[in-house]
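# Close look at the chain arrangement
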Amino acid sequence: MKEDFLHYLWRFKKFPMTGLKTTSGDDLQILNTGQYPELSGPDFFNAQIILGQQKWAGNIEIHLKSSDWYLHHHHHDAAYDNVILHVVWEHDSVIFRKDHSELPTLALRHYIPEDLAASYRELIRPKSWIYCEKQLCSVDLFTMRNWMERLFINRMERKSEMIDALLIKKSADWEGVFFCLLAKNFGLNTNGQSFLEMAESLPFGTIRKEHFEVENLEALFFGRVGLLEAEKQDQYFLNLKSRYHYLTQKYRLNHAVIAPLQFFKHRPDNFPTIRLAQLAMLYQARPELFSSAVECADIAETKSLFDVKVSDYWQTHYQFDRESPPKKKALTTSFVDLLILNTLIPVRFAYAKRRDKDIIESLIACAASLPPETNAIVDKFKTYGLEAQNAFESQALLELKTEYCNKSRCLQCAIGAALLKPG
């Protein structure tokens, strides 16, 4: 048994509100279970009860055992002086207030149906991956669909926190924020943080001014991540190095300390050199990319914005000084899908939220038009019968696993709540 189960029982009134008795035999009636702020201090605020013939208003504290009151030192904490009822699963000790009066206690275990307690024990029984893995497919489609929408919105809300922080750094320039997040996702998991630091270190006004020459953008991007610091005889390398030196002087750019880039285990098309070259070409063609993307009428038009290849030099190179067979190295459809899902949709969500506009249905439709992501979490859910049909569903499953399953928040999860309902 865990304390969060008792919170669930009390919060959602999974017990009779009348006909109760305290551990000392007094009649007890619950008028209001109180507010659940999930803050420090008592668990529920502003509850109302009738104890005997007396009505009380105050706070509720919940523990597995009565003795936990002393174990947690609540008898020394003034924040607990207004507790009117101690709710426990097992009553193992009489608790006294500071004035030496007995604190009324309700032992909840005597009022909970055994099938509900059994369902909870089955739900939290250790499994190989998640608690409800054997019961997952028994949840009805209506509950699952509504919960996936909520999970998707939760994921967008969490991502918007990072966007809000970037807005402060970029002086509320949405194009600059979009550039930073796009750069992060161009870097994928291994180089994403380095690409983000590169983008944050450049005022976006500089990108606007220099976008007419892709070599200048390449010089800025490559220079900021330290790829122009070596000594090479390659003429294109020397050209970018010279341009970078000039641009740092022109814009008085401070030296940026950025985590080293990783080439190891990447396919050549995912080398950071190629991704930076693609990013440079993208902003050479569309320096106001976010403004263009926001105005797109459909997903096909949005994808067309990312129809770029690399500059001539990078069509025959993956690294400086090493020539390779010619290849345009355009952004692939699958990569563009990831950029839209992980960059454009979260930024559009945050952008609309700042303007008090509700566009969640259109964002869900946009994500649902993209194929599902392929990763270990999505693949594992598939083995338990929950297969993502599109990117909207795969995003919801990622949120479910990372924010609920991994944190054992079964009782805050609609799936867990559905499984606890009597059959």
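To start, this report covers the structure provided alongside it. Once a new chain begins, its residue numbering starts again from 1 and follows that chain's sequence as written. Local features are withheld for residues below a pLDDT of 70 in this predicted model, meaning they are given only at 70 or higher, and side-chain atom pairs are given and counted only at 80 or more; totals for whole chains, interfaces and linings count all residues. Side-chain figures throughout are based on the complete set of non-hydrogen atoms in the structure, without hydrogens or water.

This brings us to the side chain of Asp234. With respect to the helices and strands, the residue Asp234 is situated in the loop between helix H8 (214-224) and helix H9 (235-251). Only protein chains enter the calculation, and the probe is 1.4 Å; a residue is then buried if its accessible area is under 20% of its type maximum, exposed if over 50%, and partly exposed in between. Within this scheme the basic residues Lys and Arg register as positive and the acidic residues Asp and Glu register as negative, but His and the chain ends are omitted. The term salt bridge refers to a side-chain nitrogen of Lys or Arg lying within 4 Å of a carboxyl oxygen of Asp or Glu. Despite its burial, Asp234 pairs with no opposite charge; the closest candidate is Lys232, at 8.0 Å N-O. Counted as a polar contact is a pair of N or O atoms within 3.5 Å, where, for protein atoms, one must be capable of donating a hydrogen and the other of accepting one, and residues adjacent in sequence contribute only when both atoms are in side chains. Separated by 3.0 Å, the side chain of Asp234 and the backbone nitrogen of Phe237 make a polar contact. Whether two residues are in contact is decided by their heavy atoms: any pair within 4.5 Å suffices. In this structure, Asp234 is in contact with Tyr313, His317, Phe320 and Asp321, ignoring residues within four places of it in sequence. Each helix is a run of H or I in the DSSP string that is no shorter than four residues. Each strand is a run of E no shorter than two, and both are numbered from the N terminus.

Further remarks concern the sheet that holds strand E3 (residues 44-51). Strand order in the open sheet formed by six strands is E1-E2-E3-E4-E5-E6, and the pairing between neighbours is mixed. At either end of the open sheet lies a strand with only one pairing partner, and these are strand E1 (20-21) and strand E6 (105-107). Two strands pair if DSSP finds at least two bridges between them. As defined by bridge partners, E3 adjoins strand E4 (residues 54-65) across six bridges and the pair is classed as antiparallel. Bridging across to E4, Phe44 finds its partner in Ile60. Between the N-to-C directions of two axes lies an angle of 0 to 180 degrees, each axis being a line fitted to C-alpha atoms and, for a helix, fitted only over the stretch in contact. In this fold helix H1 (residues 3-11) packs onto strand E2 (27-32), E3, E4, strand E5 (83-90) and E6, with an angle of close to 150 degrees to the strand it touches most, E4.

Before going further, it helps to examine the packing of helix H4 (residues 141-169) against helix H13 (residues 333-354). Where H4 contacts H13, the axes come no closer than 9 Å and their chain directions differ by 80 degrees. Our classification of the angle between H4 and H13 gives roughly perpendicular. For the pair formed by H4 and H13, the contact residues are Phe152, Ile153, Met156, Glu157, Lys159, Ser160, Ile163, Asp164 and Leu167 on the first element and Asn342, Ile345, Pro346, Val347, Phe349, Ala350, Lys353 and Arg354 on the second. Put simply, Ala, Val, Leu, Ile, Met, Phe, Trp, Tyr, Cys and Pro go in the nonpolar bin, Asp, Glu, Lys and Arg in the charged bin, and everything else, Gly too, in the polar bin. Among the residues forming the contact of H4 with H13, the class breakdown is 10 nonpolar, two polar and five charged. Should an angle fall under 35 degrees it is called roughly parallel, over 145 degrees roughly antiparallel, and 65 to 115 degrees roughly perpendicular, with every other angle called oblique.

The next thing to look at is the pairing of E5. When you tally the buried positions in E5, you get seven out of eight residues, the bulk of the element. Judged from the six bridges that link them, E4 and E5 form a sheet pairing that is parallel. Counted as the bridge partner of His63 is Val88 from E5. Sheet topology note: the E5/E6 ladder contains three bridges and is parallel. Residue pairing in the sheet places His86 in a bridge with Thr105 of E6.

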